[in-house]
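Fold and geometry: a report
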Amino acid sequence: SPHSAHPHPNPHTHNPPTHTPHSREMDTECVCLPSERQGFAYIPWLSRLMHMCVYTPVDVLAVLLGFVNIIFWLVSQMPQLLENYRRKSVQGLSFSFLLCWTIADAGALAGCLLTAQEAYMIGTSGYFVLSDV
């Protein structure tokens, strides 16, 4: 089915493993089957980078939202840490912290919905957004 496509090594274009002093990863070319979904061909470089098949603009948006989620999650604690340092106290929460945390969780929920993830993942993401608000 189109929703269960995964990158597969292409036996016709398989490159021998390459090793560098800094990496032991094998360099193989992958092909997504089917090669098209909803009239869009898979995007080889992004599919390889993400280790999943990426076809449509919605797939690309889901990947971008995932990265936005990670970025907000990584920096979401900084406003709270700065606020605590400035006040010399750990009482209370920074509004910026809560806002960033909510944006990160909303991005995760949007990504789950856009990629038709399992119900438990959508439910968990929805719960996190609701608990943020």
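Our subject is the structure listed above.
Now for a description of the structure that goes with this document. Treat the numbers as computed from the prediction; the structure is a model and nothing was measured.

Notes on the packing of helix α4 (residues 95-114) against helix α5 (residues 119-132)
Running from N to C, α4 and α5 cross one another at 155 degrees; their axes reach a closest spacing of 9 Å. Relative to α5, the element α4 lies roughly antiparallel. Relative to α5, α4 is oriented so that their crossing is left-handed. Along its contact with α4, which presents Trp101, Thr102, Asp105, Ala106, Ala108, Leu109, Cys112 and Leu113, the element α5 presents Met121, Ile122, Ser125, Gly126, Phe128, Val129 and Asp132. Within the contact of α4 with α5, the residues separate by chemical class into 10 nonpolar, 3 polar and 2 charged.

Describing the packing of helix α2 (residues 57-75) against α4
Between α2 and α4, whose axes approach to 8 Å, the crossing angle comes to 155 degrees. The orientation of α2 relative to α4 falls into the category roughly antiparallel. Crossing hand, α2 versus α4: left-handed. For the pair α2 and α4, the contacting residues are Val58, Leu61, Ala62, Leu65, Asn69, Phe72 and Trp73 in the first and Cys100, Trp101, Ile103, Ala104, Gly107, Ala108, Ala110, Gly111 and Leu114 in the second. Classifying every residue of the contact of α2 with α4 by side-chain character gives 13 nonpolar, 3 polar and no charged.

Quick word on the state of the cysteines
In this structure the tally under the stated criterion is 1 disulfide. With a sulfur-sulfur separation of 2.3 Å, cysteine 32 is cross-linked through a disulfide to cysteine 53. Its S-S torsion of about -105 degrees marks the bond between cysteine 32 and cysteine 53 as left-handed, since a negative value means left-handed. In this pair, cysteine 32 is assigned in strand β2 (residues 30-32) and cysteine 53 in the loop between α1 (44-50) and α2, connecting sequence segments 21 residues apart. Accessibility expressed as a relative area gives 0% for cysteine 32, which makes it buried.

A word on a nonpolar patch on the surface
Taken together, Phe67, Ile70, Ile71, Trp73, Leu74, Val75, Met78, Leu81 and Leu82 make up a surface patch of nonpolar side chains, about 890 Å² in accessible area. Broken down by element, the nonpolar patch gets its largest block of residues, 6 residues, from α2. Mapped onto the elements of the fold, isoleucine 70 is located in helix α2. By relative accessible area, which is 45% here, isoleucine 70 ends up partly exposed.

With respect to the packing of aromatic side chains
Following the criterion strictly, the structure yields 1 aromatic pair and no others. The interplanar angle of 55 degrees and the centroid separation of 5.9 Å between the aromatic rings of tyrosine 127 and phenylalanine 128 together place this pair among those described as tilted. Here phenylalanine 128 falls in the partly exposed class, since its relative accessible area comes to 42%. One cation-aromatic arrangement involves lysine 88 over tyrosine 85; the distance from NZ or CZ to the ring centre is 3.8 Å.

Concerning the pattern of salt bridges
Considering all chains together, one arrives at 3 salt bridges under this definition. A salt bridge links aspartate 59 to arginine 37, with the shortest nitrogen-to-oxygen separation between them at 2.5 Å. Here aspartate 59, found in helix α2, pairs with arginine 37, found in strand β3 (residues 36-37); they are 22 residues apart in sequence, far enough to count as distant. Under the relative-accessibility criterion, aspartate 59 is labelled buried at 8%. In this structure, glutamate 83 and arginine 86 form a salt bridge, with 3.0 Å as the shortest nitrogen-oxygen distance. Pair noted here: glutamate 83 and arginine 86 are both in helix α3 (residues 78-87), with a separation of 3 residues, about one helical turn. The class of glutamate 83 is buried, set by a relative accessible area of 19%. Accessibility expressed as a relative area gives 60% for arginine 86, which makes it exposed. Residues participating in the shared-partner salt-bridge network are Glu83, Arg86 and Arg87.

Rules behind the numbers
- Residues numbered from 1 in each chain as written.
- Predicted model: local features only at pLDDT ≥ 70, side-chain atom pairs only at ≥ 80, totals over all residues.
- Heavy atoms only, no water.
- Axes fitted to C-alpha atoms, helices over the stretch in contact; angles between N-to-C directions.
- Helix = DSSP H or I, 4+ residues; strand = E, 2+ residues; numbered from the N terminus.
- Parallel < 35°, antiparallel > 145°, perpendicular 65-115°, else oblique.
- Left-handed = near helix turned anticlockwise from the far one by under 90°.
- Contact = heavy atoms within 4.5 Å.
- Nonpolar A, V, L, I, M, F, W, Y, C, P; charged D, E, K, R; others polar.
- Disulfide = S-S within 2.5 Å.
- Buried < 20%, exposed > 50% of the residue type's maximum accessible area, 1.4 Å probe, protein only.
- Patch = residues over 30% accessible without salt bridge, like charges linked within 9 Å, V, L, I, M, F, W, Y side chains within 5 Å.
- Areas by Shrake-Rupley, 256 points an atom, 1.4 Å probe, with all protein chains shown as cover.
- Salt bridge = Lys/Arg side-chain N within 4 Å of Asp/Glu carboxyl O.
- Phe/Tyr/Trp six-rings, centres within 6.5 Å; stacked < 30°, edge-to-face > 60°.
- Lys NZ or Arg CZ within 6 Å of the ring centre and 35° of its normal.

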